[in-house]
Each structure stands twice: as structure tokens, then as C-alpha cells.
Amino acid sequence: PARPNVFDPNIGDDKIVISMNSGAQGSKVFATAYSQSSGKYVVYEMNGYGYTDPGNVAVCSGVYEFELPGANYNDVQVAMSSYGYEQGIVFVSSGNKVWKVELALVPRVTLLYEHPNANAKIVKLKFKYEENDRGYFEDPSDYESYISYQYYWCLGALVDYGDNTGGVVDMKLTAAGEIDRDEPVIEHTGFGKVIDFAFVSRD
């Protein structure tokens, strides 16, 4: 009651929730939905600090609407803001493209990546997380020496080429959510039909 919700938790019958994930260093959960009545995508932001600091933070803390050029919600997959993007960035795929959506009063939608094969379809997005990127170096007891803090900027895209083969595009992003031009975008190919993928690390 001290900090009213920005949106009604009952989001309505015309909304189809596509994805839920966490971001902003784990304090927030985002739910992305498609509004059949408006033809827009809607991101609902829920903030965990609304439970611990209800006087200053609402639990239902934000709602953002945006459009994707030519997108069909049946083809859309979403990887929410990873822990590295406290300001709130959502990454959305449709067809052979990945879009970056910066959450604001008027969300800013920009093209992040376009697969050179126009018939390819990006069917899943995932971020690398801390547990995927540990390796021991000189002193295994030194926690700081064996954990990478770059994990939350590594975005993978699962690609269906349309001929019963698949691949994974591996992108290193910057703190601003752009592709890091100093790191090559790598595409792993040579697979049959791929339905999922995971990041792993090597000692």
C-alpha cells in the first residue's frame, strides 16, 4: 500500500505471456507478453525490493509496450536482461533477427544482429551465467582468481536453418548491450536438428 503498483497484476485475457526471466542482478523479474488487441509486445517488470522496501519500491514496478517490425508473436523468443544490464534491456528474436529493447517510458528498439541466411529462424536465446564460466588457475582457493565477471555479456542464439539442421551463434556484448566489435561473432554449425543448447566452461 505504501508504494502502489504501476500495473494491475491481472494482466487481462488478451495477453499471451511468451517468456519470463530475471535481470538487474537478480532483483527483478520480467514477463514479456503479446497483446492480441493492440498487436504490441508488453514487458511487465516485478521488483523484489518491493517486498523488502515497500515504502519506496513497488512490486509491480513497470510496464513497457513496443512493436517489432514485421514480427509474429508465434516466432518470438525472449532472453531477458541478464545480471549485467541493471538499466533494463530485453533481447528479442524474430525470424533471422535479434532486437535489443531498452526499457524506458518509450522503449527504444534497435536491431542487434541479423543472420545472413534470410530463411534461417532464431528459435531460442540464452545468456551465459556465472556457473557456466568457472575455471581454476594458480590458486584454487582464491575465489577472485577463478570466476569470470564477463559471463553476463555472452548471448547465444539457436538457429534453425530450415533443412533439418541447426547451429548456434555466439555473441559477446558490451555493457551497453551492443555487439563487442573487438570480439568475433562465432557461428557453430554442422549439427542436425537442434532443440536446445547450453554454455559450458573448460578448466
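Remember, predicted model here, so these are calculated numbers, not experimental data.

Colleague: Before we go on, may I ask you to explain the pairing of strand E10 (residues 154-160) in this structure?
Modeller: The buried fraction of E10 is high, at 6 of 7 residues. The pairing of strand E9 (residues 121-127) with E10 spans 6 bridges and is antiparallel. Counted as the bridge partner of Lys126 is Gly156 from E10. Two strands pair when backbone bridges link them, and E10 and strand E11 (residues 166-172) are joined in this way by 7 bridges, in the antiparallel orientation. Bridge assignment links Gly156 to a residue of E11, and that residue is Asp170. Hairpin connection between E10 and E11: a loop of 5 residues separates the two successive antiparallel strands, and Gly162 in this loop has a positive phi of roughly 90°.

Colleague: For this particular structure, what's the right way to read the sheet that holds E11?
Modeller: Pairing between the strands of a sheet is mediated by backbone hydrogen bonds and can be parallel or antiparallel. Strand order across the open sheet formed by 4 strands is E9-E10-E11-E12, with antiparallel pairing between neighbours. Two strands lie at the open edges of the sheet, namely E9 and strand E12 (186-191), each paired on one side alone. Going from strand to strand, the sheet's axes swing by 20° on average, the running direction of each strand aside.

Colleague: Any chance you could explain the side chain of Ser27 here in plain terms?
Modeller: Mapped onto the secondary structure, Ser27 falls in the loop between strand E1 (15-23) and strand E2 (28-35). Here Ser27 is in contact with Met46, Asn47, Gly48 and Tyr49, once residues within four sequence places are set aside.

Colleague: Looking at this model, I keep getting lost on the packing of aromatic side chains. Mind explaining?
Modeller: Taken as a whole and assessed by the stated rule, the structure comprises 5 aromatic pairs. Ring centres of Phe7 and Tyr44 lie 4.9 Å apart, and the angle between their planes is 55°; this geometry places the pair in the tilted category. Taken together, the residues span a long stretch of sequence, with Phe7 in the segment before E1 and Tyr44 in strand E3 (residues 40-47) at a distance of 37 residues. The exposure class of Tyr44 is buried, given its relative accessible area of 7%. Here a set of aromatic residues connected by ring pairs shows up, and it is made of Tyr34, Tyr41 and Phe66. The cationic tip of Lys126 hangs over the ring face of Phe197; the distance from NZ or CZ to the ring centre is 5.5 Å.

Colleague: Would you mind showing me how to read the layout of surface pockets here?
Modeller: Any empty space left between atoms is shown by rolling a water-sized probe over those atoms. Estimates place the volume of the largest pocket at around 330 Å³. As for the largest pocket, its lining consists of 18 residues, of which Lys128, Val168, Asp170, His188 and Phe199 are closest to the centre. Looking at the lining of the largest pocket, the elements with two or more residues in it are E11 and E12. With 4 residues, the top contributor of residues to the lining of the largest pocket is E11. Class assignment of the residues belonging to the lining of the largest pocket gives a composition of 11 nonpolar, 1 polar and 6 charged.

Colleague: Just checking my understanding: could you explain the environment of Val168 for this structure?
Modeller: Looking at the element boundaries, Val168 is found in strand E11. C-alpha of Val168 to C-alpha of Leu158: the two residues are 10 residues apart in sequence and 4.6 Å apart in space. If sequence neighbours within four positions are ignored, Val168 has contacts with Ala157, Leu158, Ile186, Glu187, His188 and Phe197.

Colleague: Please explain the pattern of salt bridges as it appears in this structure.
Modeller: Working definition: two side chains of opposite charge can pair if their charged atoms are close together. The final tally for this structure, using the stated rule, is 8 salt bridges. Here Glu45 and Lys28 are joined by a salt bridge, their closest N and O atoms 3.5 Å apart. With Glu45 in strand E3 and Lys28 in strand E2, this pair connects stretches of sequence that are 17 residues apart. When its relative accessible area of 16% is taken as the criterion, Lys28 is described as buried. Residues Asp196 and Lys126 are paired through a salt bridge, measuring 2.9 Å at the closest nitrogen-oxygen approach.

Colleague: Help me out: how do you make sense of a nonpolar patch on the surface in this one?
Modeller: The grouping of Val17, Met20 and Val29 at the surface amounts to a nonpolar patch, some 250 Å² of accessible area in total. Turning to its location among the elements, Val29 is positioned in strand E2. By relative accessible area, Val29 is classed as partly exposed at 33%.

About the criteria used
- Residues numbered from 1 in each chain as written.
- Predicted model: local features only at pLDDT ≥ 70, side-chain atom pairs only at ≥ 80, totals over all residues.
- Heavy atoms only, no water.
- Buried < 20%, exposed > 50% of the residue type's maximum accessible area, 1.4 Å probe, protein only.
- Helix = DSSP H or I, 4+ residues; strand = E, 2+ residues; numbered from the N terminus.
- Pairing = 2+ DSSP bridges.
- Axes fitted to C-alpha atoms, helices over the stretch in contact; angles between N-to-C directions.
- Contact = heavy atoms within 4.5 Å.
- Phe/Tyr/Trp six-rings, centres within 6.5 Å; stacked < 30°, edge-to-face > 60°.
- Lys NZ or Arg CZ within 6 Å of the ring centre and 35° of its normal.
- 1 Å grid on protein atoms, 1.4 Å probe; cavity = no way out; pocket = protein on both sides within 12 Å on 5 of 7 lines; lining within 4 Å.
- Points joined across faces, edges and corners; volume = space filled by probe spheres on them.
- Nonpolar A, V, L, I, M, F, W, Y, C, P; charged D, E, K, R; others polar.
- Salt bridge = Lys/Arg side-chain N within 4 Å of Asp/Glu carboxyl O.
- Patch = residues over 30% accessible without salt bridge, like charges linked within 9 Å, V, L, I, M, F, W, Y side chains within 5 Å.
- Areas by Shrake-Rupley, 256 points an atom, 1.4 Å probe, with all protein chains shown as cover.

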